[in-house]
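# A structural walkthrough
The residues making up each chain are set out below.
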Amino acid sequence: MKEKLLKLAKKHGTPLFIIDHDKIRENFRIFSKNLPNVQVYYAVKANSNQEIIRTLFDEGSSFDVASYNEFIQIYDQIRSFRKKDKDFFVWDKIIFSNTIKDRDTLKKIKKYKPLVTYDNVDELKKIKEYCPTAGLVLRLKVPDTGSQVEMSSKFGAEPGEAADLIQQAFGLGLNVEGLSFHVGSQCTNFDNYTSALHITSDIFNHSRKKGYKMNIIDIGGGFPVPYDNMVPRFEKLAKVIDSECKRLFPDDIELIAEPGRFMVATAAILISEVIGKARRDGKIFYHINDGVYHTFSGIVYDHWTPNFQTFKRGKKEVCAVVGPTCDSFDKVSVSEHLPGNLEIGDYLYTKNIGAYSTASTTKFNGFDGAKILHINK
Ligand SMILES: Cc1ncc(COP(=O)(O)O)c(C=O)c1O
């Protein structure tokens with residue numbers, strides 16, 4: 001593999017972000033095989049690259065979007081469909097999972113009769129006024145203890161408010177189709193899923209008893225990626241989810257999930273290059289041509305821990321790896337065990353960097369960010 005990467009770096013230049021579409025397909029199939037009753041809605045936010053969308057679209061994925069632009073990105077895939085098929089696709093295969101949508105967005109999506117989430121009464125009123133054609137999914141606040149990125153401090157209705165929010169929606173003439181939650185991204189604490197399913201099933205079964213005909217259970221994202229060997233296996237989690245869903249919900253529900261990271265994290269590698277080397281307070285600083293304002297933005301926004309490997313061998317010591325911008329904040333890592341003999345022009349590579357990386361790259365300081373290369377399309 002190293003030789004292939006080296007060749008690609010020499011041919012295409014660096015920083016080079018290599019997306020392996022075979023790996024995306026493999027991740028999609030692993031997910032679907034282990035959770036055969038769950039329809040996958042890929043969370044576009046994890047990596048919105050259009051080629052990734054196309055690969056997942058071809059695999060039969062549905063999509064979770066958070067903005068009008070993400071929605072249109074998916075809609076572009078079906079522009080050539082007949083009107084009837086387009087309508088069906090939007091209704092069956094897209095969810096707007098951002099619980100807060102501005103009025104303009106709601107006005108624009110009204111004609112598509114979208115499925116949208118909500119978690120508060122003001123949002124309900126807004127949806128009623130600007131997008132009354134929408135089907136609704138109530139997002140619940142659930143435990144997200146220990147997840148890499150917590151969600152419940154910003155999103156989700158308190159379970160105790162759920163019954164009122166469902167009643168209020170129906171009272172406004174809107175239709176609540178189901179319930180959703182998100183246990184936090186890179187969730188390695190599987191108890192979060194079991195608690196969330198319990199909370200959801202209580203509300204779901206209670207609502208059905210009251211005559212509200214909901215049928216969607218959206219188990220969100222959070223499915224963990226094996227960044228290191230401490231991460232518990234997805235297959236184990238899938239078994240827990242599968243058996244809990246069978247135990248807690250009636251047979252006729254429609255189960256959906258919104259995996260983002262799981263589909264794309266392991267499908268990309270970044271090759272960066274040493275552009276400067278200095279000893280500062282005794283420590284080697286490798287200045288590389290990518291940083292936290294660019295492909296390593298996940299360090300800031302995703303609480304992600306980078307990993308580095310080198311093509312060259314040498315005696316290892318604790319080094320810093322820093323980005324190319326003028327900002328001293330642009331430090332990718334202040335403690336990496338790397339060979340001390342790397343020189344300007346040597347390459348480093350970083351695995352499992354496909355999610356929440358290029359998605360939040362900026363153009364800060366005039367640096368373009370990594371070139372994207374697709375393989376195995
Ligand atoms: C509503 C929603 N669904 C799905 C996801 C994807 O989560 P993950 O990448 O952890 O699978 C996110 C991530 O932020 C989200 O906010």
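Residues numbered from 1 in each chain as written. Predicted model: local features only at pLDDT ≥ 70, side-chain atom pairs only at ≥ 80, totals over all residues.

### Topic: the overall build of the protein
Here is the rule we go by: Each helix corresponds to a stretch of at least 4 residues labelled H or I by DSSP, and each strand to a stretch of at least 2 residues labelled E; elements are numbered beginning at the N terminus. The globule rule used here is 2.2 Å times the number of residues to the 0.38 power, and the radius of gyration it is set against is calculated over C-alpha atoms. Burial is judged by counting the other C-beta atoms within 10 Å of a residue's own C-beta: 20 or more makes it buried, 12 or fewer makes it exposed, and any count in between marks it as partly exposed, with every C-beta position built from the backbone.
Assigned secondary structure in the protein consists of 12 helices and 16 strands. For the protein, the C-alpha radius of gyration of 22 Å lies close to 21 Å, the compact-globule estimate for 377 residues. The principal-axis extents of the C-alpha atoms in the protein amount to approximately 70 × 45 × 35 Å. The buried share of the protein, reckoned over its 377 residues, is 43%.

### Brief notes about the sheet that holds strand 8 (residues 216–218)
Counted only if it meets this: A pair of strands counts as paired when DSSP detects no fewer than two bridges linking them. A fitted line through C-alpha atoms represents every axis, and for helices the fit uses only the stretch in contact; the resulting angles, taken between N-to-C directions, go from 0 to 180 degrees.
Taking strand neighbours around the barrel as the criterion, the eight strands line up as 2-3-4-5-6-7-8-9 in a closed arrangement whose pairing is parallel. Within the sheet, the average angular offset between the axes of one strand and its neighbour, ignoring direction, is 30 degrees. Where strand 2 (residues 38–43) and strand 9 (residues 254–257) come together, three bridges link them in parallel fashion. Across the sheet, the residue bridging to V38 is L255, located in strand 9.

### Remarks on the domain arrangement of the protein
Selection rule: Each domain's extent is set by a domain assignment, obtained either automatically or from a database. What counts as a contact here is a pair of residues whose C-beta atoms, placed from the backbone, lie within 7 Å. Gly is put with the polar residues, along with every residue not named as nonpolar or charged; the nonpolar set is Ala, Val, Leu, Ile, Met, Phe, Trp, Tyr, Cys and Pro, and the charged set is Asp, Glu, Lys and Arg.
Under the domain assignment, the protein is made up of domain 1 (2–17 + 267–375) and domain 2 (21–265). Relative to domain 2, the C-alpha centre of domain 1 lies at a distance of 33 Å. Taken together, the contact pairs 13 residues of domain 1 with 18 residues of domain 2. When residues in the side of domain 1 that touches domain 2 are grouped by element, the largest group, three residues, is from strand 16 (residues 371–375). Its residues placed into classes, the side of domain 1 that touches domain 2 shows seven nonpolar, five polar and one charged.

### Quick look at unusual backbone geometry
Cis peptide bonds are those with omega within 30 degrees of zero, and the linkage from T14 to P15 qualifies with -5 degrees. The backbone of N352 shows a phi angle near 55 degrees, a positive value even though the residue is not glycine. Take N352: it is sitting in the loop between strand 15 (347–350) and strand 16. When the 21 C-beta atoms within 10 Å are taken as the criterion, N352 is described as buried. A positive phi angle, near 50 degrees, is found at Y356, a position not held by glycine. By secondary structure assignment, the location of Y356 is in the loop between strand 15 and strand 16.

### What about the site of the ligand?
Where we set the bar: The criterion for a residue being near a molecule or strand is simple: its C-beta atom, placed using the backbone, must lie within 6 Å of it.
Close to the ligand lie 16 residues, the nearest being A43, S185, G221, G260 and R261. Considering only residue class, the shell around the ligand consists of five nonpolar, seven polar and four charged.

### Digging into the environment of D119
Residue position: D119 is located in the loop between strand 5 (115–118) and helix 7 (121–130). Using a count of 22 C-beta atoms within 10 Å as the deciding quantity, one classes D119 as buried. Taking the C-alpha atoms as reference points, D119 and S180, separated by 61 residues in sequence, lie 9.8 Å from one another. Apart from residues lying up to four places away in sequence, D119 is in contact with T99, L138, R139, F155, G156 and A157.

### A look at the packing of helix 8 (residues 159–171) against helix 9 (residues 191–209)
Counted only if it meets this: Throughout this description, any angle smaller than 35 degrees is read as roughly parallel, any larger than 145 degrees as roughly antiparallel, any in the 65 to 115 degree range as roughly perpendicular, and the remainder as oblique. The handedness criterion is simple: a crossing whose near helix is rotated anticlockwise from the far helix by less than a right angle is left-handed, and one whose near helix is rotated clockwise is right-handed.
Contact geometry for helix 8 and helix 9: axes closest at 10 Å, N-to-C directions at 30 degrees. Put simply, helix 8 runs roughly parallel to helix 9. For the pair helix 8 and helix 9, the sense of crossing is right-handed. Judged by residue contacts, P159, A162, A163 and I166 of helix 8 engage I199, I203, H206 and S207 from helix 9. Looking at the contact of helix 8 with helix 9 residue by residue, the classes come out as six nonpolar, two polar and no charged.

### What to know about helix 1 (residues 2–12)
Of all 11 residues making up helix 1, only one are buried, and the element is barely covered by its neighbours. Positive backbone phi, at 85 degrees, marks G13, one or two positions downstream of helix 1.

### Re helix 4 (residues 68–75)
Residues spaced three or four apart along an α-helix point in a common direction, a consequence of the helix completing one turn every 3.6 residues. Heads up, the rule is: Here, the arc refers to the directions that run from the helix axis to the C-beta atoms.
Turning to helix 4, its buried residues are E70, F71 and I74. Across the axial projection of helix 4, the buried residues extend over an arc of 105 degrees, all falling on one side. Buried residues along helix 4 sit in contact with helix 3 (50–59), strand 3 (62–65), strand 4 (94–96) and helix 6 (103–109).

### Structural notes on the pairing of strand 5
Stated formally: If you view a crossover with the strands going away from you and the path from the first strand over the helix to the second runs clockwise, you call it right-handed.
Neither face of strand 5 is open: one carries L115 and T117, the other V116 and Y118, and all of them are buried. Summarising the sheet, strand 4 and strand 5 pair through two bridges and their orientation is parallel. Within the sheet, the bridge partner assigned to I95 lies in strand 5 and is L115. Note on the crossover from strand 4 through helix 6 to strand 5: the handedness is right-handed. With four bridges connecting them, strand 5 and strand 6 (residues 135–139) associate as parallel partners. Paired with Y118 across the strands is L138, a residue of strand 6. With helix 7 bridging strand 5 and its parallel neighbour strand 6, the resulting β-α-β unit is right-handed.

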